Amino acid sequence: MTASVPSSTPPAERRPRGRPRKSPEARDDGNRRQELIRAAAHLFRQQGFAATSTRDIAAACGMRSGSPFYHFDSKEALLEAVMAEGMRFAIARQAEVLAGAGAPGQPLVPRFRAMVRSHLDVLLGPDSDFIPVMLYEWRSLTPAQREAVVDLKNTYEAPWSALLAELHAAGLLRGDPALARLLMFGALNWTAQWFEAGRRASLDDVADAALQLFLKEPA
């Protein structure tokens, strides 16, 4: 009986599970992109979109003047990224609230207050330049860019529409839910113009005032 000869073919390499790891260069590119978005958001809010150059943004990040164009095709594309980033953050922040005090099934008034307070945090809390830029610079986007941001905006506002409809059905909302939503966002978003931390009122005070403006006292 002839002895079998062991195969000299090396075993096939096992393919690692999950997504391939990003190279250090790819991770750095992602970090630099986020750095540009944050710097642009701050400068667009402080100086305005028209008055801010890509050179200003690059300087704020310690980059060469042409470096932003490695990540974005134009200053307008960077503006769209700022607004989209702001809406994604708002959606993520709201999801946390909807999983807690703002969850369906919780008492209506505390749910509404939790949503209002979360919205104020997005507008006025740390790293809060993104949404004010969207409010001030909306007309600087192209129609196609607006459409992309509107999809995110609709995702954010959908839970509000549902909650306001519930409040109206319970006799707790002052006025029509659709009009109340527009007026409410107008009033809350305007706080970005006048609110100063440590003066006049806290964010909790503003949230309580919003309840008094838009909700009726329970019968």
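These numbers come from a predicted model, not from an experiment.

Analysis parameters
- Residues numbered from 1 in each chain as written.
- Predicted model: local features only at pLDDT ≥ 70, side-chain atom pairs only at ≥ 80, totals over all residues.
- Heavy atoms only, no water.
- Helix = DSSP H or I, 4+ residues; strand = E, 2+ residues; numbered from the N terminus.
- Buried < 20%, exposed > 50% of the residue type's maximum accessible area, 1.4 Å probe, protein only.
- UniProt positions renumbered as here; feature names shortened; annotations may be inferred.
- pLDDT = per-residue confidence, 0-100.
- Contact = heavy atoms within 4.5 Å.
- 1 Å grid on protein atoms, 1.4 Å probe; cavity = no way out; pocket = protein on both sides within 12 Å on 5 of 7 lines; lining within 4 Å.
- Points joined across faces, edges and corners; volume = space filled by probe spheres on them.
- Nonpolar A, V, L, I, M, F, W, Y, C, P; charged D, E, K, R; others polar.
- Phe/Tyr/Trp six-rings, centres within 6.5 Å; stacked < 30°, edge-to-face > 60°.

## A short note on the environment of Ala-170
Consideration 1: With respect to the element layout, Ala-170 can be found in the loop between helix H7 (143-169) and helix H8 (177-194).
Consideration 2: In this structure Ala-170 comes out as partly exposed when scored by relative accessible area, which is 46%.
Consideration 3: Spatially, the C-alpha atoms of Ala-170 and Leu-108 are 8.8 Å apart, while their sequence positions differ by 62 residues.

## Concerning the environment of Ala-162
Consideration 1: Mapped onto the elements of the fold, Ala-162 is located in helix H7.
Consideration 2: Classification of Ala-162 as partly exposed rests on a relative accessible area of 42%.
Consideration 3: Separated by 15 residues in the primary sequence, Ala-162 and Pro-177 place their C-alpha atoms 9.1 Å from one another.

## Points about the UniProt feature "DNA-binding region" (unreviewed entry) in the protein chain
Consideration 1: Mapped onto this numbering, the UniProt entry gives "DNA-binding region" (unreviewed entry) at residues 53-72.
Consideration 2: Taken end to end, residues 53-72 is 55% helix and 0% strand, and its first and last C-alpha atoms sit 13 Å apart.

## Description of the confidence of the model for the protein chain
Consideration 1: Averaged over all residues, the pLDDT of the protein chain equals 86, while 86% of them reach at least 70.
Consideration 2: Between the elements of the protein chain, mean pLDDT differs from a low of 81, seen in helix H1 (residues 24-47), to a high of 95, seen in helix H5 (residues 108-124).
Consideration 3: Below a pLDDT of 50 lies the segment residues 1-7, which in the model reaches zero contacts outside its immediate sequence neighbourhood of four places, other chains included.
Consideration 4: Here residues 18-27 is modelled with pLDDT under 50, and outside its nearest four sequence neighbours on either side it reaches one contact, counting other chains as well.

## Some thoughts on empty space enclosed by the protein
A probe matching the size of a water molecule, rolled over the atoms, marks out where space remains unfilled.
Consideration 1: Taken as a whole and judged by the stated rule, the model has one cavity of 30 Å³ or more.
Consideration 2: Approximately 30 Å³ is the volume attributed to the largest cavity.
Consideration 3: Taken together, Gly-86, Phe-89, Val-122, Asp-127, Ser-128, Asp-129, Phe-130 and Ile-131 form the lining of the largest cavity.
Consideration 4: Elements that contribute at least two residues to the lining of the largest cavity include exactly helix H4 (75-98) and helix H6 (130-137).
Consideration 5: A per-class count over the lining of the largest cavity returns four nonpolar, two polar and two charged.

## Overview of the packing of aromatic side chains
Consideration 1: Within this structure, the stated rule accounts for five aromatic pairs.
Consideration 2: Taking 5.2 Å as the distance between ring centres and 65° as the angle between the ring planes, the aromatic pair formed by Trp-160 and Phe-185 counts as edge-to-face. With a gap of 25 residues between them, Trp-160 in helix H7 and Phe-185 in helix H8 connect regions that are remote in the sequence. An identical accessibility class is assigned to Trp-160 and Phe-185; each is buried.
Consideration 3: An aromatic cluster is present here, built from Phe-112, Tyr-156, Trp-160 and Phe-185 joined pairwise through their rings.

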